[in-house]
Amino acid sequence: LAARPILTSSVEGPSRGVLLMGHFFEAEDVRDLASRTKVAVDLLAGDALTITEQRMFDRLAARPGEGHPLRDNGVMYRLLGDMERKPLVLLRTAVRTEIAQLGRRTGRILCVSLGAVSLVLLLALAAYHAHGKASKHKLEASETRYRQLFEAESDAIFLIDRQSGQILEANMAAILMYGYDRDALLSMRHVELSAEPEATRQRTEEAAPIDGHPIVIPLRLHRKKDGTIFPVEITGRFFVHQGRAVCLAAVRDISERLRMEE
């Protein structure tokens with residue numbers, strides 16, 4: 001049996017009353033409903049309440065709003081209000097045994113099912129963490145290998161942001177070649193290493209788009225920290241690293257080669 005508050009047409013404001021199955025119930029209506037639904041229903045009000053019913057009425061009336069029904073010895077009680085939301089009628093119906101048993105069985109099935117699902121999720125989570133830990137170790141080992149190769153390269157290697165020209169990484173050969181420590185290099189832009197910054201800036205702007213093909217600059221003049229100017233050969237390759245466009249540049253000091261050619 002449904003009881004719902006009647007609201008305004010815009011579904012706002014306090015409820016204006018309750019609607020019981022579309023019309024007001026009389027004793028004959030209640031008996032007819034009980035015979036058709038096979039559920040005994042009573043609407044109790046006024047002086048007809050027994051001591052038990054009055055106790056239920058008072059307990060429900062003390063709750064804010066309609067609240068939840070109360071159960072007592074296999075009987076369910078709910079309080080319905082009038083147009084002003086004041087307690088009016090006590091609705092009483094017997095709890096059907098087969099429904100209660102079905103509810104208990106369903107509850108047990110749900111508990112078992114949820115327990116099984118939880119166990120599967122825990123096992124999957126454990127496997128995921130184990131896989132993640134193995135992947136992390138593998139990634140760390142891979143990074144260590146590439147770092148060793150990066151540092152062992154005799155040419156100066158720079159990882160440079162394509163847009164800003166900021167130096168993102170530099171190897172030990174770059175530190176020895178230019179005389180700056182690593183922190184100083186990582187605070188600089190690549191044009192600051194050039195002894196001809198305008199030519200370097202123009203060459204960077206004219207560089208090919210990111211397509212994986214290397215670019216080679218056979219001769220450029222760079223400047224060390226102590227002011228020494230020396231010739232270099234630059235090989236660069238553009239690609240995307242961690243979502244940003246970068247250039248990996250290998251810089252080789254060709255001073256000795258030029259002296260031998262001369």
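Residues numbered from 1 in each chain as written. Predicted model: local features only at pLDDT ≥ 70, side-chain atom pairs only at ≥ 80, totals over all residues. Heavy atoms only, no water.

## Regarding the pairing of strand β7 (residues 156-161)
Working step 1: Taking burial as the measure, the six residues of β7 include six buried ones, the bulk of the element.
Working step 2: Where burial is concerned, the two faces of β7 agree: the one with Ala156, Phe158 and Ile160 and the one with Ile157, Leu159 and Asp161 are both buried.
Working step 3: Pairing geometry for β7 and strand β11 (residues 244-253), over six bridges, is antiparallel. Paired with Ile160 across the bridge in β11 is Cys247.
Working step 4: Where β7 and strand β8 (residues 167-170) come together, three bridges link them in antiparallel fashion. Looking at β8, one finds that Leu159 is bridged to Glu169. (Buried < 20%, exposed > 50% of the residue type's maximum accessible area, 1.4 Å probe, protein only. Helix = DSSP H or I, 4+ residues; strand = E, 2+ residues; numbered from the N terminus. Pairing = 2+ DSSP bridges.)

## So, the sheet that holds strand β10 (residues 229-241)
Working step 1: Across the sheet, five strands lie side by side as β8-β7-β11-β10-β9; this open sheet has antiparallel pairing. A strand with exactly one partner marks an edge of an open sheet, and here the two such strands are β8 and β9 (214-223). Direction aside, the axes of adjacent strands within the sheet are offset by 30 degrees on average. (Axes fitted to C-alpha atoms, helices over the stretch in contact; angles between N-to-C directions.)

## Quick word on a nonpolar patch on the surface
Working step 1: A cluster of nonpolar side chains, Leu219, Leu221 and Ile229, forms an exposed patch at the surface whose accessible area comes to about 260 Å².
Working step 2: As for its placement among the helices and strands, Ile229 is situated in strand β10.
Working step 3: On the basis of relative accessibility, which here comes to 47%, the residue Ile229 falls in the partly exposed class. (Patch = residues over 30% accessible without salt bridge, like charges linked within 9 Å, V, L, I, M, F, W, Y side chains within 5 Å. Areas by Shrake-Rupley, 256 points an atom, 1.4 Å probe, with all protein chains shown as cover. Salt bridge = Lys/Arg side-chain N within 4 Å of Asp/Glu carboxyl O.)

## Quick notes on the side chain of Asp161
Working step 1: On the secondary structure map, Asp161 appears in strand β7.
Working step 2: Among the polar contacts listed, one links the side chain of Asp161 to the backbone nitrogen of Ser164, at a separation of 2.8 Å.
Working step 3: A polar contact of 3.0 Å, which involves the side chain of Asp161, links it to the side chain of Arg244.
Working step 4: Dropping the residues within four chain positions of it, Asp161 is found in contact with Gln166, Leu168, Arg244, Ala245 and Val246. (Polar contact = N/O pair within 3.5 Å; in protein donor to acceptor, adjacent residues only side chain to side chain. Contact = heavy atoms within 4.5 Å.)

## Considerations on the nonpolar core
Working step 1: Among the nonpolar cores identified, the biggest contains 22 residues, and Ala156, Phe158, Tyr178, Leu185, Leu193 and Val251 are the most heavily contacted of them.
Working step 2: Beyond its immediate sequence surroundings of up to four residues, Tyr178 is in contact with Ala156, Phe158, Leu193, His222, Arg223, Lys224, Lys225, Phe230 and Val251.
Working step 3: Within the second largest apolar cluster, nine residues are counted, among which are Phe57, Leu60, Leu70 and Tyr77. (Core = buried A, V, L, I, M, F, W, Y, C linked by side-chain atoms within 4.5 Å.)

## Things to note about the environment of Leu90
Working step 1: Within the secondary structure, Leu90 sits in strand β6 (residues 87-94).
Working step 2: Considered as a pair, Leu90 and Phe57 are 33 residues apart in the sequence and their alpha carbons are 6.4 Å apart.
Working step 3: Ignoring anything within four residues of it in the chain, the contact list for Leu90 reads Asp42, Leu43, Leu44, Leu49, Glu53, Met56, Phe57, Leu60, Tyr77, Arg78 and Leu79.

## With respect to helix α2 (residues 51-61)
Working step 1: Regarding α2, the residues found buried are Glu53, Met56, Phe57 and Leu60. All buried residues of α2 project into a common sector of 105 degrees when viewed along the axis, lining one side.
Working step 2: Its buried side turned inward, α2 meets β3 (41-44), β4 (70-72), β5 (75-81) and β6. (Arc of directions from axis to C-beta.)

## Considerations on the environment of Met172
Working step 1: Of note, Met172 is situated in helix α4 (residues 172-178).
Working step 2: Classification of Met172 by relative accessible area gives partly exposed; the value is 38%.
Working step 3: Placed 15 residues apart in sequence, Met172 and Ile157 show a C-alpha to C-alpha distance of 8.5 Å.
Working step 4: Ignoring sequence-local partners within four residues, the contact set of Met172 consists of Glu151 and Arg182.

Functional significance is not addressed by these values, which are geometric in nature.
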